[in-house]
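Descriptive structure summary
Below are the chains, spelled out letter by letter.
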Amino acid sequence: MSSQLPPSGSPSSPQRPKPRVAVVFGGRSSEHAISVVTAGAVLNAIDRERYEVLPIGITADGRWALTADAPERMAIADRRLPAVDDLAESDSGGVLLPVTAGSREVLYTEPGTVPKVLGDVDVVFPVLHGPYGEDGTLQGLLELSGIPYVGSGVLSSAIGMDKEYMKRVFTSFGLSVGPYTVVRPREEERDPDGVRARLTEFANRHGWPLFVKPSRAGSSMGISRVNGPEDLDGAIAEARRHDPKIIVEAMVRGREIECGVLEFEDGPRASVPAEIPPAASHDFYDFEAKYIDSAEGIVPAPLSAEETERVRGLAIRAFEAAACEGLVRADFFLTEDGRFVINEINTMPGFTPISMYPRMWRESGVDYPELIDTLIRAALRRPTGLR
């Protein structure tokens, strides 16, 4: 296969007066396919009159590939999930970001050939989900390169990825979280019987069912609803396929409410909230309910005016507690006694056509192209480095 290389140039050259946005997607996590779907939606909606676009896909084994700018090939079709390998212009070429601060020149290499210059990149839009992209690792690389990027920085991304430390931060800022416990990898390896006994005691104290989750994963990957001790082994094994560290949460009985936060020039604002109703054919709002069977959320959520303002305020508090930037989707439970309990935040929520984050902002008066433009402009305003 031959690469269709985009024209080179600098941000100020006559060839390229528009900022160039590198949309980076795919990645090594189990959320690879959803990242590809998200990238397709972003590529389809980004204003080509305002921005040049350079699509860069990361394959499941970690190769950075120059990919086709083909949003129509990035959707879920007939329950088949897309992959970067299907979009790569070459099965061996690789994209190289600069490693020297101050240089934004991106190169493309093929084995046995001289590297080719793709030109400068003004901002990176990293639409990766899960570890090795959403967790601060890619953000650290971009900080070293001095390239602006959409979304939260290294620390905030790491907090937003690790459900244990996320809850610890929220608690320290006075936000209410549900009961949880953590199973660390060495504990599970050294004393599996002790882990089962501890989780059973946790359930006896807080009630069944429990939700066993990978501590550092999203899109409901690897999550199991456990109705009794006989199901623990299978749930732990499933969670550990995605992450050696596991978080186990007691069920919080209440309505599932989500709220988006978006950074504008005058600071973060919250969208109208949405409600995720119980999935009729699923035990909970799992991966298939979200992306395959397209379970419908209710936007805006049927809340009172007071409840709406309260959850919007809490979403911004969560955004600021974790020192986030750009965007966040904050997920809550509204309990029967009227409390909002925060479940988690997502620092790079799904941007698929059916995802809740863009739907909430569309209902708030910010359509998809404007949403993307707002995020890119926020990234271009911020310096890299300590801030």
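Residues numbered from 1 in each chain as written. Predicted model: local features only at pLDDT ≥ 70, side-chain atom pairs only at ≥ 80, totals over all residues. Heavy atoms only, no water.

The chain is annotated in an unreviewed UniProt entry as D-alanine--D-alanine ligase from Streptomyces calidiresistens. In UniProt, the chain has this text filed under Subcellular location (unreviewed entry): "Cytoplasm". Database annotation for the chain, UniProt heading Function (unreviewed entry): "Cell wall formation." (UniProt positions renumbered as here; feature names shortened; annotations may be inferred.)

A short note on the packing of aromatic side chains
Considering all chains together, one arrives at five aromatic pairs under this definition. Arranged with centres 6.2 Å apart and planes meeting at 80°, the rings of Phe332 and Phe340 form a pair that is edge-to-face. Each of the two residues, Phe332 as well as Phe340, counts as buried. Here Phe351 and Tyr357 contribute two aromatic rings whose centre-to-centre distance is 5.7 Å and whose plane-to-plane angle is 50°, an arrangement assigned as tilted. On the basis of relative accessible area, Phe351 is assigned to the buried category, the value being 0%. (Phe/Tyr/Trp six-rings, centres within 6.5 Å; stacked < 30°, edge-to-face > 60°. Buried < 20%, exposed > 50% of the residue type's maximum accessible area, 1.4 Å probe, protein only.)

Examining the environment of Glu256
Inspection of the secondary structure assignment puts Glu256 in strand E12 (residues 254–264). You can call Glu256 partly exposed: its relative accessible area is 29%. Separated by 188 residues in the primary sequence, Glu256 and Ala68 place their C-alpha atoms 38 Å from one another. (Helix = DSSP H or I, 4+ residues; strand = E, 2+ residues; numbered from the N terminus.)

Thoughts on the UniProt feature "active site" (unreviewed entry) in the chain
When the UniProt feature table is mapped onto this chain, "active site" (unreviewed entry) is found at Glu31, Ser219 and Ser355. Of the annotated positions mentioned, Glu31 line the second largest cavity. Here Glu31 lies in the loop between strand E1 (20–26) and helix H1 (32–45). (1 Å grid on protein atoms, 1.4 Å probe; cavity = no way out; pocket = protein on both sides within 12 Å on 5 of 7 lines; lining within 4 Å.)

Observations regarding the side chain of Ser29
The topology assignment puts Ser29 in the loop between E1 and H1. A distance of 3.0 Å separates a polar atom in the side chain of Ser29 from the backbone nitrogen of Glu31. With near-sequence residues (within four places) excluded, Ser29 lies in contact with His129, Gly130, Pro131 and Tyr132. (Polar contact = N/O pair within 3.5 Å; in protein donor to acceptor, adjacent residues only side chain to side chain. Contact = heavy atoms within 4.5 Å.)

So, the nonpolar core
Ranked by size, the top nonpolar core spans 35 residues in total, and within it Val23, Phe25, Phe125, Phe351 and Ile376 carry the most contacts. Breaking this core down by element, the ones donating at least two residues are E1, H1, strand E7 (123–126), E12, helix H10 (356–363) and helix H11 (368–381). Of the domains in this structure, domain 1 (20–149) and domain 2 (160–177 + 252–368) are the two that each give at least three residues to this core. Filtering out sequence-adjacent residues up to four positions away, Phe351 remains in contact with Thr38, Ala41, Val42, Leu327, Tyr357, Pro358, Tyr368, Leu371 and Leu375. (Core = buried A, V, L, I, M, F, W, Y, C linked by side-chain atoms within 4.5 Å. Domains from an automatic or database assignment.)

Describing the pairing of strand E15 (residues 327–335)
E15 sits mainly inside the fold: nine of its nine residues count as buried. Relative to E15, E12 is paired through nine bridges, and the arrangement is antiparallel. Within E15, the residue paired with Glu258 across the bridge is Asp331. For E15 and strand E16 (residues 340–346), the ladder comprises six bridges, and the chain directions are antiparallel. By the bridge assignment, Phe333 is partnered in E16 with Val341. (Pairing = 2+ DSSP bridges.)

Comments concerning the domain arrangement of the chain
Interfaces are often sized by the amount of accessible area the parts lose when they come together. Split into domains, the chain comes out as domain 1 (20–149), domain 2 (160–177 + 252–368) and domain 3 (180–250). Between the C-alpha centres of domain 1 and domain 3 the distance comes to 34 Å. Domain 1 puts four residues into the contact, and the matching count from domain 3 is six residues. Here domain 1 and domain 3 share an interface that buries about 380 Å² over both sides, 51% of which is from carbon and sulfur atoms. It is Ser30, Glu31 and Pro131 in domain 1 that bury the most area against domain 3; as a group they hold 87% of the surface buried on that side. Summed over the shared surface of domain 1 and domain 3, the number is zero salt bridges. Counting across the interface, domain 1 meets domain 3 through one residue pair in polar contact (both at pLDDT 80 or more). Of the residues belonging to the side of domain 1 that touches domain 3, the class tally is two nonpolar, one polar and one charged. (Buried area = accessible area lost by both parts, 1.4 Å probe. Salt bridge = Lys/Arg side-chain N within 4 Å of Asp/Glu carboxyl O. Nonpolar A, V, L, I, M, F, W, Y, C, P; charged D, E, K, R; others polar.)

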